[in-house]
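Okay, here's what each chain looks like letter by letter:
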Amino acid sequence: MHSIDLKHMRVFLRLVRERSASRVAAEMGMSQQAISGYLKRLRDALPHEIFVRHSTGIEPTDFALDIARKFERILSDVDDVVLADFDPAALERSVGIVANEYAQLSILPRFIAKVREAAPKVSVRVMDFYRETHAEQLERGDADIAVGFAKFFDDSLARVSLAEERYCCVVGEQSGIVRGLRNLSDVAMFPRVDFTDSASYSHDAVSQFLAAHDALIPPVATLACYTSLKPFLEFNDVVAFVPSAIADAFQLTKLQLDSMPETFATAVGWHRKRSGNPLGVWLRGMLKEALEDSVTFRDPGIACKRCLSSPHAMCTGTLLSGQV
């Protein structure tokens, strides 16, 4: 065991979780040959077999799973010591972020840029948000924070609201609908595209809102993600309802209607056992700063809670208060 250092432990835990040497190599920015070298030294140092090869990768043995739990405790204790004197510039590790598509498109690009600027040796791994697994990922330490819609966070997580968001009605750049749609009731006169519930928050919220105003008609298409909307609009003149930040990210044409769905909250969440972890506290602070620097959340129809006036080009809009 004397030949196993902290890097070996981190590689070993990644191999147990990912069950693929090539994926671990890609995530850690290393060659597959280097990962194979770590794996060989682990096999030589440990008294029992740790992985069994099969057609799709490697499978950890019961012995490996037991060792993984012990390595996790060791690394957690080491990280607590290192982070006690926290210096982002000297930090050299991977940071995991669970985020939904909305956050990946509108929040993470600016946030990760700020993290890399302050902590150049840190690498960031972004994982898709799944309601069934995100809490477990945070508890295991696979991810440090989760970013997305507060409504979908598991009740076990600690969280703080980041910003209020609202839906807007959008069309393509060359749309002829612009001239004919002025009121909410007009929406039923035009073809509409929707999004799957797994891809967005909008499926239930928007459909229920339109139904309440007698403006709901079956969509001509249901898209799997927001990312596909802009190319779809290049060939299909339809209406869509998306969060304002998504419309800004893709530079879609917004239509001002007489009524819109209520606002909803975006949030950052984390596992409660890591509430005092200096890295998590720093990440949450950086996330708040990234939002304060951003114009993503401005909405010309809402008075800004920071400057008490309608948002303008340099204002972040309706940021919520809250200790991060």
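In the annotation of an unreviewed UniProt entry, the entry for the protein reads LysR family transcriptional regulator, and the organism field reads Pandoraea commovens. Under Sequence similarities (unreviewed entry), UniProt gives the following word-for-word description of the protein: "Belongs to the LysR transcriptional regulatory family."

All right, on to the environment of Val 16 then. Residue position: Val 16 is located in helix α1 (residues 6-18). Judged by relative accessible area, Val 16 falls into the buried class, the value being 9%. The spacing of Val 16 and Ile 58 is 42 residues in sequence and 8.4 Å in space, taken between C-alpha atoms. Setting aside its immediate chain neighbours within four residues, Val 16 contacts Phe 51, Pro 60, Leu 65 and Ala 68.

Here we take up the environment of Ala 68. Checked against the element boundaries, Ala 68 lands in helix α4 (residues 62-84). Given a relative accessible area of 7%, Ala 68 falls into the buried group. A C-alpha to C-alpha distance of 8.2 Å links Ala 68 and Met 9, two positions 59 residues apart in sequence. Not counting chain neighbours up to four residues away, the residues in contact with Ala 68 comprise Phe 12, Leu 13 and Val 16.

Burial of strand β3 (residues 94-99) is extensive: 6 of the 6 residues sit out of reach of the surface. Neither face of β3 is left uncovered, since the one carrying Ser 94, Gly 96 and Val 98 and the one carrying Val 95, Ile 97 and Ala 99 both have all their residues buried. Inspection of the sheet shows β3 paired to strand β4 (residues 123-128) by 6 bridges, in the parallel sense. Following the sheet pairing, Ala 99 is matched in β4 by Asp 128.

Conventions and cut-offs
Residues numbered from 1 in each chain as written. Predicted model: local features only at pLDDT ≥ 70, side-chain atom pairs only at ≥ 80, totals over all residues. Heavy atoms only, no water. UniProt positions renumbered as here; feature names shortened; annotations may be inferred. Helix = DSSP H or I, 4+ residues; strand = E, 2+ residues; numbered from the N terminus. Buried < 20%, exposed > 50% of the residue type's maximum accessible area, 1.4 Å probe, protein only. Contact = heavy atoms within 4.5 Å. Pairing = 2+ DSSP bridges.

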